[in-house]
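Descriptive analysis of the structure
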Amino acid sequence: MRYNNYHKHTHYSNIITPDSIVKPVDYAKRAVELGHTTLCTTEHGYAGNVFEYYDVAKEYGLKFVFGIEFYYVNDRFSKDKSNSHLMILAKNHRGMKQMQRIMSEANKTGYYYKPRIDKELLFSLDPKDVVVTSTCVISYVSKHEDYDLNFIKPLHDYFDQNFYLELHDNTHPMQVEYNKKILELHNKYNIPFIHATDSHYIYPEQDKDRTEFLNGKNIYYPEEDGFILDYPDSDAIFERYEQQGVFTKDQVEAALKNTLIIDEFEDIKLDKDVKMPSIYPGLSHEEKVKKLKTILKEEWEKDKIHIPSERHKDYIEAIKFETEIVEETAMEDYFLLNYEIVKRAKDKGGVLTRTGRGSAPSFYINKLLGFTEIDRVDSPVTLYPTRFMSKSRILETKSLPDIDYNTANPDPFIEASKEILGDDNIYYMVAYGKMKDSAAFRNLCRARNLKMQEYNDVAKDLDRYKNHEKWRELIEESKKFLDVVDNISPHPCAFLLLDKPITEEIGVIKIGDEHCALIDSGTSDSWKYFKNDFLTVTVWQIISEVYEAIGKPIDDIRQLNKLTYNDEKTWELYKEGITATLNQTGTDSAKPQVMQYKPQSARELSAFVAGIRPSFESMKHLLLERKPFSYGIPAFDAILKESDNFVLYQENIMSALVYSGFPEDETYGLLKAIAKKKPGIIEPIYERFINGFVKQTGSLEQAEKVWKIIEDAVGYGFNSSHALSVAYDSLYGAYLKANYPLEYYTVILNKYENDTTMTDKIYKELPYFGIKVIPIRFGKSKAQYSPDKANNNIVKGIASIKFLNETIAEELLEIAENEYESFLDVLIDIEEKTSCNSRQMEILIKLGFFEQFGGNKTLHELYLKFKERYKKTHKDKTKQQRIDEIKEFASQLIDESIPVQDQILFEKEALGYGQTAFPKVHKSYVMVTEIDTKYSPRVSLYLMNDGTERQLKVSKKHFYNEQGDPYLEVGDIIKVLKVKQQPKKKLVDGKWADGEVMEDWLHAWEMSKKYKSN
Ligand SMILES: [Zn+2]
Ligand SMILES: [Zn+2]
């Protein structure tokens, strides 16, 4: 007989606890196979991916049903971990919304290890809109003694006919015992039965796959042994109940029949219409467009002051052209909403990029509305507005405009959105984490108890091993875990904005500390929800912080163009490779290339960005070497003039198409069509192009040549507005670095304080500007790195040093304003006026913080004496006596510093790196700072010359003497005589063999200064 399998779990349950590797589509296929008619989402604790479920249901002609297997406690505010399972199904759309509301509440106010609903939330549901079932062996009935009067009876009373006792057909003894309890309750209250399969996979043999998935994650459910969690036909179900021997055949039949109540549920419809939130719900389309036009007019009045009047007509035309696209696609709400959000966020101190991402700067009205400051009408490279938004594209694909907002910090933008739309109308979206091939393979290896050393290298390069005798089968089998959802996180930057309460419409779940709308970014796109991306972008954090440090508002792009026009200082940085932290040009691979190209303008910098991508590789040398280049077709060269005759941008191709008579609106779509080369579609485009080009030039031969170039280039064209945006991001940095180096380097030293690689790069640039970094010094160091303008120095801060903090930094800076004749006077003030303790003092003294008063060894001795004799709590008279005594002690000290070996070891311990260096000492002199003898001995060597460190291996033969004692000890200074390179060994099929990576081995040295710890 037919039944409805409503109770089941897919891989979406894994985000709460690993449970299943089956996907919604697997259930749909099985339902069709068995002649079943519904597909019901019931994950653990939340609603799962409702949208995917819905799509799959429709694809397979099944009715979509919404349900959740909740975690239930009596009081969600109590610290109750009992978490009974409780199944609720929505009979209609109203029920679904109510369930989403209580699910959100469970995540917002009921979260304690799990999202939990309670009595209050359960009984807030309208009993007509839902069906509640007692669910599995982990229900309230098995977990609590008071299940009869405190659970079953009240639920029966409240939900009446919509409450069922759930039967499971498992033959496990635990289930059998549990079923007897259920039977008792049935007999007592006459509550109807309903059958549930509680599927976690489709076929019994898949139990092994599920177990392996769990074991790979180090999870074992021994109590589940013997439970069958498949999706069987009704014959199998009858048989299993018979084996249980608890219920009569009639009772089982009734329980199966009762699943058919789902046939009567409302067929819930979800739509893929555009769900653009409106901040003017009362206004008509015409009224809203009028409102937008009024705003644009006001903003144009402000902007036109900066534009020569002879060009006004071009701008007005641009505004008209773009506004018409907005009007005809009815997207005015997008611009009205984001205009308010961006404006308010900026009022709150929010920093938005002056440039942009993607095609957003291609709309001049985006500039007027404050989304970018790039002026496309006056741009050094052509930006086509239809690249951002075109009538045909928006209307045909029902897509929404999409701007990614680069911010220094997204918080003001989120706050502004909340203020404008409401607290319950904007949340982070979620991102489901799926197992990719390497993770799937590793999971299977772990489940099979393989050693990590053995499979690790294979997992890194599955492609190479896919035909390998030993690994082939395992790789193949691991595909059963492919794309299984195994975690969830808040999306890094995508937010859902909706003008209805999201807790009810979509549902909100808690991930870590964040509450997120239960929808991922891809789903939001295809279901036409509205998404804003607020990204945190380091380069804009740097730019805004440097402007703050120099006390100037951020220059706009027009201003930046003026400031950098022929500003040699700025362009010199690219030429000289002083590009650390500069966008697009600071990486190890980009730096030598930009030094070769030597850009001189934003236009060239943009070409550089587009030109160094891998897809332009074959032509790149021509661009970088600035070789004159031409396709030899004058009309085409004219089109390509702004990119030095190269096809660098998609916009170059769009220009060629416009030139041949295609309407601009169509050209972006044509790029994709040309790239696909689909027969039947490509021929008419080709013909139109040839005819158009010949009409302009009269040359068929040239037309065909250009077509060929376009066909080849269409795959690698880069979006010019994106290239220009990131070029400007780079230029802002270069301008600031060149003109305000002290402030720029201070900001980035603080920003990258914990990134030693970057800090190293930054330090190497400082001599270019004659800037010195001064180690921590009394009277100079603040909490962070700070500029010392008078001396062109940057002074290291002390707050980042272990055991020190901002308060100490401030207190010490304050007392340093006094004049001190001796270190003793300083110590007295520190004891009397600051919170500095002895550990902090010891660190500061040894790091040379008080260098102006003498050598650190002597100062430390004096401090020990002081600490022993002088207390804040002493009487004044005693203090004076003791001071005299300490003075006497001080007068006998000889000025000394800590021996160099101890000093470096201490610096490493306190700072994480050494700061003592001797530029005149030859580079072959190094100090041993660490030794690891777990495998082949490995030593860390500190270059006395510049304080950098490197690691070398040493063979045992060289490392130990005949008695087995090491030749080298930490602190020894040696002269390196010979370093050899040898391939790093790796494990192949259980044996060590030579790998591809080379390692440095210390081969010969000479002891220079043996370390004797004192
Ligand atoms: Zn359950
Ligand atoms: Zn379940």
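Below is a summary of the structure that appears in this document. As the structure is a prediction and not an experimental result, all values here were calculated from the model. Along each chain, residues carry numbers from 1 onward, in the same order as the chain's sequence is written. Each chain is given a letter, starting from A, and each ligand a number, starting from 1, according to the order in which they appear as written. Given that the model is predicted, a residue must reach a pLDDT of at least 70 before its local features are reported, and side-chain atom pairs must reach 80 or more before they are shown or counted; all residues, however, enter totals for whole chains, interfaces and linings. In computing side-chain properties, one takes all heavy atoms of the structure into account and sets aside hydrogens as well as water.

Considering the coordination of the zinc ion (ligand 1)
Water is not among the atoms examined, so metal sites may look incomplete; donors are the N, O and S atoms within 2.8 Å of the metal, or within 3.2 Å for Na, K and Ca. Within the protein, the zinc ion (ligand 1) binds to Glu69 (OE), His85 (ND1) and Cys136 (SG); these donor distances fall in the range 2.0 to 2.3 Å. In terms of primary sequence, the donors binding the zinc ion (ligand 1) are separated according to E-x15-H-x50-C. In this structure, the zinc ion (ligand 1) lies 3.2 Å from the zinc ion (ligand 2), and both are coordinated by Glu69. Residue His85 is found in strand 3 (residues 84–90), and its partner Cys136 is found in the loop between strand 6 (130–133) and helix 5 (140–143); the two are separated by 51 residues along the sequence. Per-residue accessibility, obtained with a 1.4 Å probe over protein chains only, is compared with the maximum for each type, and a residue is labelled buried under 20%, exposed over 50%, and partly exposed between these values. The class for His85 is buried, based on a relative accessible area of 8%. On the basis of relative accessible area, Cys136 is assigned to the buried category, the value being 5%. Secondary structure elements are defined from DSSP: runs of H or I of at least 4 residues count as helices, runs of E of at least 2 residues count as strands, and each element is numbered from the N terminus.

Notes on unusual backbone geometry
Unlike most non-glycine residues, Thr135 shows phi in positive territory, near 60 degrees. Here Thr135 shows up in the loop between strand 6 and helix 5. Within the chain, Phe803 stands out as a residue other than glycine whose phi angle is a positive 75 degrees. Tracing the chain through its elements places Phe803 in the loop between strand 17 (793–795) and helix 38 (806–815).

Details of the coordination of the zinc ion (ligand 2)
Put simply, a metal with four donors set out as a tetrahedron has ideal angles of 109.5 degrees, and one with six donors set out as an octahedron has ideal angles of 90 or 180 degrees. For the zinc ion (ligand 2), every protein donor is listed as His7 (NE2), His9 (NE2), Glu69 (OE) and Asp198 (OD), and the spread of their distances is 2.0 to 2.4 Å. Between 85 and 135 degrees for all angles marks four donors as tetrahedral; over 155 degrees for opposite donors together with 65 to 115 for all other angles marks four donors as square planar and six as octahedral; every other arrangement is irregular. Geometry at the zinc ion (ligand 2) is irregular, judged from the four donor atoms that bind it and their angles of 80 to 168 degrees at the metal. Between the donor residues of the zinc ion (ligand 2), the gaps in sequence give the motif H-x1-H-x59-E-x128-D. On the basis of relative accessible area, Glu69 is assigned to the buried category, the value being 1%. What makes Asp198 buried here is its relative accessible area of 9%.

Remarks on the pattern of salt bridges
Oppositely charged side chains may form a pair once their charged atoms are brought near each other. Salt bridge, as used here, is a side-chain nitrogen of Lys or Arg placed within 4 Å of a carboxyl oxygen of Asp or Glu. If you walk through the whole model with that rule in mind, you get 81 salt bridges. Glu572 serves as the salt-bridge partner of Lys575, at 4.0 Å between the closest nitrogen and oxygen. In this pair, Lys575 and Glu572 are both assigned in helix 26 (residues 568–576), three residues apart and thus about one turn of the helix distant. According to the relative accessible area criterion, Lys575 is partly exposed, its value standing at 34%. By relative accessible area, which is 26% here, Glu572 ends up partly exposed. Look at the salt bridges and you will find they share partners, linking Lys208, Asp209, Glu212, Arg448, Glu477 and Lys480 into a network.

Remarks on the side chain of Asn107
With respect to the element layout, Asn107 can be found in helix 3 (residues 93–108). The class for Asn107 is buried, based on a relative accessible area of 2%. Contacts are assigned to residue pairs that have any heavy atoms within 4.5 Å of one another. Apart from residues lying up to four places away in sequence, Asn107 is in contact with Pro115, Val508, Ile509, Lys510 and His515.

With respect to the sheet that holds strand 11 (residues 485–497)
Within the open sheet, the six strands sit side by side as 9-14-11-10-13-12. Their pairing is mixed. At either margin of the open sheet sits one strand with a lone partner, and together these are strand 9 (404–407) and strand 12 (508–511). For this sheet, the mean angle separating the axes of adjacent strands, direction not counted, is 50 degrees. When strand 12 meets strand 13 (residues 514–520), the two strands line up antiparallel, connected through four bridges. Opposite Lys510, over in strand 13, you have His515 as the bridge partner. All axes here are fitted lines through C-alpha atoms, helices being fitted over the stretch that makes contact, and every angle between N-to-C directions spans 0 to 180 degrees. Contacting strand 10 (426–434), strand 12 and strand 13, helix 3 crosses the sheet at an angle of about 25 degrees to strand 12. Sheet strands in contact with helix 13 (residues 332–347) are strand 9, strand 11 and strand 14 (530–536), and its direction is about 30 degrees off that of strand 14. For two strands to count as paired, DSSP must find a minimum of two bridges between them.

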